[in-house]
Amino acid sequence: MRILKGADASAAIKIQVAEGLERLKGKVPKLGIIRVGERADDKSYERGAVKRMESFGLRVQSYVYPEKISHEDFEKEFRTINEDPDVAGILLLRPLPGQISEKQIENMIDPAKDLDGISPANIAKVFAGDSTGFAPCTAEAVVEMLKAAGISISGKRITIVGRSMVVGRPLSMLLLQENATVTICHTRTRELAGACRSAEILVAAAGKAGMIDQSFVGKDAVVIDVGINVDEKGRLCGDVDFDSITEIASMATPVPGGVGAVTTAVLAKHLVRAAGLAQKV
Ligand code: NAP
């Protein structure tokens, strides 16, 4: 089995980012990361994103607010960042604490700065197959990984386990746009293992450590593991029981070092595109 590392797709995206930066003629765009509270997974994603922006030669600033900030105060702060011409793109770490209406913030974010595709305008574009918006970075990262590995998508049977608005649903639309035949599975899917086994490409995005074992994988299938979980020993792991599928899958992504590594590269690509659109270059 070939291990599909995220580094290959990230390297290809880095070249696109450098080309985009050249077109911006010295104006280096800034990413604004907005975090409320001190959740460990938010902070880990933020660290990864900061590191990636810096390594791609982009600017980044974190805006951090206390867990208990009121909706009104947060909205005011968010509006200021949203309207700041120096902030070319925004990454809002979610979920937000319960007192803040996430829906209202999603409706407020400038679609032209909405790098992770959370605004209704960008979601609508993803579902309409219109590539002028921003798709959620993780969903796009899966497509980038397949392309970087030279795996053709057109006509393939692809099963996705997970139907969230962050991964499963937008990814199904991006793959459909690439002419795949897509099956979306979730907790009510009957005979889940069978639906997965019939796939030529299987994407696991359930958030359940090690749930996908060899009984879910068809012979020579490509397995993309989007899951980021912590196992009982406190180690980072995916949704796929990696060791059990090595004899049956043709390729699979590791966790860590797989899709997660590409997600922040896609974020960087989106930032440069947002800056280019703002400068009309
Ligand atoms: P989510 O909102 O919790 O959605 C999980 C989806 O998986 C739901 O649709 C759920 O079905 C389905 N599911 C859960 N358990 C299942 C089971 N036993 N059988 C079948 N379907 C099942 O999670 P998410 O935000 O999409 O994230 C999914 C995973 O990806 C998480 O591990 C997350 O940490 C990771 N993630 C990774 C990245 C990255 O950059 N690599 C980015 C974002 C998320 P129902 O709809 O029926 O409940």
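Just so we're clear, the structure is a prediction, and the values are computed from it rather than from any experiment.

*Asks:* Account for the packing of aromatic side chains, with residues named and values stated.
*Replies:* The full count for this structure, using the stated rule, is two aromatic pairs. Aromatic side chains Tyr65 and Phe74 sit 5.8 Å apart centroid to centroid with 80 degrees between the ring planes, which places their arrangement in the edge-to-face category. Just as Tyr65 is buried, Phe74 falls in that class too. Each ring, one from Phe74 and one from Phe78, has its centre 6.0 Å from the other, and the planes form 40 degrees; the classification is tilted. On the criterion of helical spacing, the pair formed by Phe74 and Phe78 is a turn pair, its members being four residues apart in helix H3 (residues 71-83). Among the residues examined, Phe78 registers a relative accessible area of 1% and is labelled buried.

*Asks:* Give a detailed account of the domain arrangement of the protein chain, specifying residues and quantitative values.
*Replies:* When the parts of a complex come together, some accessible area is lost, and that lost area is often taken as the interface size. Taken as a whole, the protein chain is organised into domain 1 (7-14 + 26-113) and domain 2 (137-260). Contacts between domain 1 and domain 2 engage four residues on the former and four residues on the latter. Each partner contributes to the roughly 320 Å² buried at the junction of domain 1 and domain 2, and carbon and sulfur atoms together form 68% of this total. At the surface where domain 1 touches domain 2, the tally comes to zero salt bridges. One can count zero residue pairs in polar contact (both at pLDDT 80 or more) joining domain 1 with domain 2. Residues of the side of domain 1 that touches domain 2, tallied by class, amount to two nonpolar, no polar and two charged.

*Asks:* Give a detailed account of the pattern of salt bridges, specifying residues and quantitative values.
*Replies:* Counted by the stated rule, this structure contains 18 salt bridges. The partner of Arg35 in a salt bridge is Glu46, with the nearest N and O atoms 2.3 Å apart. Here Arg35, found in strand S2 (residues 30-36), pairs with Glu46, found in helix H2 (residues 40-55); they are 11 residues apart in sequence, far enough to count as distant. Each member of the pair, Arg35 together with Glu46, is buried.

*Asks:* Outline the packing of helix H6 (residues 137-148) against helix H10 (residues 259-279), listing residues and values.
*Replies:* Following both chains from N to C, one finds H6 and H10 inclined at 110 degrees, their axes separated by 8 Å at the closest point. The angle between the axes of H6 and H10 places the two elements in the roughly perpendicular class. Taking contact as the criterion, the partners of Cys137, Thr138, Glu140, Ala141, Val142, Glu144 and Met145 in H6 are, on H10, Val259, Val262, Thr263, Val266, Leu267, Lys269 and His270.

*Asks:* Outline the site of the ligand, supporting the account with residue identities and numerical values.
*Replies:* Within the structure, the ligand sits among 21 residues, and Arg163, Ser164, Thr187, Ile228 and Thr263 are positioned closest to it. Contacts to the ligand include Thr187, whose side-chain N or O atom sits 2.4 Å from an oxygen atom. Ile228 places a polar main-chain atom, nitrogen or oxygen, 2.9 Å from an oxygen atom of the ligand. Considering the ligand on its own, with 920 Å² of exposed area, one finds that the protein chains cover 71% of that surface. In terms of residue count, the dominant contributor to the shell around the ligand is H10 (three residues). Here the shell around the ligand is built from residues that sort into nine nonpolar, 10 polar and two charged.

Rules behind the numbers
Residues numbered from 1 in each chain as written. Predicted model: local features only at pLDDT ≥ 70, side-chain atom pairs only at ≥ 80, totals over all residues. Heavy atoms only, no water. Phe/Tyr/Trp six-rings, centres within 6.5 Å; stacked < 30°, edge-to-face > 60°. Buried < 20%, exposed > 50% of the residue type's maximum accessible area, 1.4 Å probe, protein only. Helix = DSSP H or I, 4+ residues; strand = E, 2+ residues; numbered from the N terminus. Domains from an automatic or database assignment. Contact = heavy atoms within 4.5 Å. Buried area = accessible area lost by both parts, 1.4 Å probe. Salt bridge = Lys/Arg side-chain N within 4 Å of Asp/Glu carboxyl O. Polar contact = N/O pair within 3.5 Å; in protein donor to acceptor, adjacent residues only side chain to side chain. Nonpolar A, V, L, I, M, F, W, Y, C, P; charged D, E, K, R; others polar. Axes fitted to C-alpha atoms, helices over the stretch in contact; angles between N-to-C directions. Parallel < 35°, antiparallel > 145°, perpendicular 65-115°, else oblique. Near = heavy atom within 4 Å. Areas by Shrake-Rupley, 256 points an atom, 1.4 Å probe, with all protein chains shown as cover.

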